[in-house]
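Structure assessment
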Amino acid sequence: ICGVLPTEEEYVAFMSDTDPNKRAKLVDSLLERKEFVEIWVMKWAELLQIRSNQTVSYKSMLLYYGWLQSRIEENVPIDVMVRELLSAQGGTFANAATNYYQNETDTLKVAENVAQVFMGMRIQCAQCHNHPFDRWTMDDYFGFAAFFSQIGRKPGEDPRETIVFNSGGGEVSNPVSGQVMKPKFLGGAVPDLAGRDRREVLAEWLVSTENPYFAPNLANIVWAHFLGRGIINEVDDVRVSNPAVNEALLQALADHFVEYDYDFKKLVRDICTSRIYQLSTKANESNESDLTNFSHATLRRVRSEVLLDLITQTTSTKNKFAGLPLGARAVQIADGNTSTYFLTTFGRATRETVCSCEVKMEPNLSQALHLLNGDTLQSKVAQG
């Protein structure tokens, strides 16, 4: 429930409790567990590509991860967190959210990532031609990219730190027409910038109700985490030719999320106490062939990090990961570059892209062989 395994004591207490609201009480208690924070920090770290590389030092990466962890831990409203992130400026040490713009420095890639993560849209195709499967044109693409064309970067006093700021200059042109593109919201208007930082203007629009994509996209991501499949699937492939299987459901979730002022825990609580989430995997004659409408639960695999933590917990052993103390859990790994043979084999995201496809959930022969005779499982069984 909620991505957190209850303790044995919690399970026994839950089964013996006669309160008709016992499920809601258990969900509320699990929402306050540190494990809930850890698994959602891991999920967001994938979306934000938190990893050390040639442009982001290890120290900057840790500070960036710490910033994200504090926001999830304090249940900061998601719209507030996103505005902080997209309008961030200052040193990558002093204001760790600025690492978002240091992790990816190409203007066009930044625009593509923002559209994919926060609106669920893959607009990459519109860079070279009008999108063949969606409404977006090249003018839409480069108009959106123009919001990120004035990001300035300069060295800090520490050679590992970079200062991110609004340079006030820099434009994006449509390479076919040669026209300089004014910043334009995707599916929206050309805003009055009035000398403001373009990123601030975009962030305000992005999380507002004027943007019809932000709340549904985040609701869809959370739904897919718990149900194994998005109402729009894949979750980052929103387009007119890939509609929601239940538009009313998606809109209801989004409306509630907005009513809650983007309180993430309340959205999770709604899903985890819903009838749909409690359905059995046992199908009947009417729904045995249904794979899209959530008429019964589907068996799904656990992620690589969770699987390793489950094996470690069951065998009473400990793991040692780079940069973490002995006994740390795999879901606590901050750096996308830190992995093990087990985690890589079972599909841990490298965080090189924002694509949801980076997390591999499909079984393969290497996984089967590793469970049969791999060092990880064999050594843990021998030790535990």
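If you're wondering where the values come from, they're calculated on a predicted model, not measured in any experiment.

Brief notes about the overall build of the chain
- The secondary structure content of the chain amounts to 16 helices and five strands.
- In terms of overall size, the chain behaves like a compact globule, its C-alpha atoms giving a radius of gyration of 22 Å where 384 residues would be expected to give roughly 21 Å.
- Along the longest, intermediate and shortest principal axes, the C-alpha atoms of the chain span 65 × 55 × 40 Å.
- For the chain, buried positions account for 51% of its 384 residues.
- Put simply, of all contacts in the chain between residues at least 6 apart along the chain, 61% involve residues at least 24 apart.
- On the chain, the mean spot of the 38 positive side-chain charges and the mean spot of the 48 negative ones are 3 Å from each other.

Some points on the pattern of salt bridges
- For the structure shown, the criterion picks out 24 salt bridges.
- Its salt-bridge partner being Arg196, residue Glu204 comes within 2.6 Å of it at the nearest N-O pair.
- Through salt bridges that share partners, Glu10, Arg33, Lys34, Glu35, Glu38 and Arg329 make up one connected network.

Observations concerning the packing of aromatic side chains
- Here the structure, examined in full by the defined rule, presents 15 aromatic pairs.
- Consider the rings of Phe36 and Phe264, whose centres lie 6.2 Å apart with planes at 35°: the pair is tilted. Taken as a pair, Phe36 in helix α3 (residues 34-47) and Phe264 in helix α12 (residues 264-272) lie far apart in primary sequence, 228 residues in all.
- Accessibility expressed as a relative area gives 1% for Phe36, which makes it buried.
- Using a relative accessible area of 6% as the deciding quantity, one classes Phe264 as buried.
- Ring centres 5.1 Å apart and planes at 70° place the aromatic pair Phe257 and Tyr262 in the edge-to-face group. Note on accessibility: Phe257 and Tyr262 belong to one class, buried.
- One aromatic cluster in this structure is built from Phe36, Trp40, Phe226, Phe264 and Tyr277.
- Of note, Lys154 hangs over the ring of Phe165, and the distance from its end group to the ring centre comes to 5.3 Å.
- The lysine or arginine in question, Arg199, covers the ring of Tyr101, its NZ or CZ lying 4.8 Å from the ring centre.

Some thoughts on the packing of helix α15 (residues 365-373) against helix α16 (residues 375-383)
- Relative orientation of the contacting elements α15 and α16 amounts to 25°, with a least axis distance of 6 Å. As summarised for this structure, α15 and α16 are arranged roughly parallel, according to the angle between their axes. Classified by chirality, the crossing of α16 by α15 is right-handed. The residues of α16 that touch α15, namely those facing His370, Leu371, Leu372 and Asn373, are Asp375, Thr376, Leu377 and Gln378.
- Class assignment of the residues belonging to the contact of α15 with α16 gives a composition of three nonpolar, four polar and one charged.

So, the sheet that holds strand β3 (residues 162-166)
- Reading across from one edge, β1-β3-β2 is the order of the three strands in this open sheet, with antiparallel pairing throughout. Each having just a single partner strand, β1 (90-91) and β2 (151-155) make up the two edges of the open sheet.

Cut-offs used in this document
- Starting from 1, residues in each chain are numbered consecutively following that chain's sequence as written.
- Per-residue local features of the predicted model are confined to residues with pLDDT of at least 70, and side-chain atom pairs are confined, for both listing and counting, to 80 or more; whole-chain, interface and lining totals are unaffected and use all residues.
- Values reported for side chains reflect all heavy atoms of the structure, with hydrogen atoms and water molecules removed beforehand.
- Segments assigned H or I by DSSP are reported as helices when at least four residues long, segments assigned E as strands when at least two residues long, and all are numbered from the N terminus.
- Taken over C-alpha atoms, the radius of gyration is set against a globule rule of 2.2 Å times the number of residues to the power 0.38.
- For the exposure calls, accessible area comes from a 1.4 Å probe over protein chains only, and a residue counts as buried if that area is under 20% of its type's maximum, exposed if over 50%, partly exposed in between.
- We call two residues in contact when some of their heavy atoms are within 4.5 Å.
- Lys and Arg are tallied as positive, Asp and Glu as negative. Neither His nor the chain termini are counted.
- Charged groups are reduced to one reference atom each: NZ for lysine, CZ for arginine, CG for aspartic acid, CD for glutamic acid.
- In what follows, salt bridge is the name for a side-chain nitrogen of Lys or Arg lying within 4 Å of a carboxyl oxygen of Asp or Glu.
- Only rings of Phe, Tyr and Trp enter the pairing, Trp through its six-membered ring, and a pair is recorded when the two centres are within 6.5 Å. The plane angle decides the type: under 30 degrees is stacked, over 60 is edge-to-face, the rest tilted.
- Put simply, a charge is over a ring when the Lys NZ or the Arg CZ is close to the ring centre, within 6 Å, and near the line of the ring normal, within 35 degrees.
- Orientation is described by axes fitted as lines to C-alpha atoms, over the contacting stretch for helices, and by angles from 0 to 180 degrees between their N-to-C directions.
- Angles below 35 degrees are treated as roughly parallel, those above 145 as roughly antiparallel, those between 65 and 115 as roughly perpendicular, and all remaining angles as oblique.
- Crossings are sorted by hand: turned counterclockwise from the far helix by less than a right angle, the near helix makes the crossing left-handed, and turned clockwise it makes it right-handed.
- All residues other than Ala, Val, Leu, Ile, Met, Phe, Trp, Tyr, Cys, Pro, Asp, Glu, Lys and Arg, Gly among them, are scored as polar; the first ten of these are nonpolar and the last four charged.
- DSSP-based pairing: two strands are paired if at least 2 bridges between them are found.

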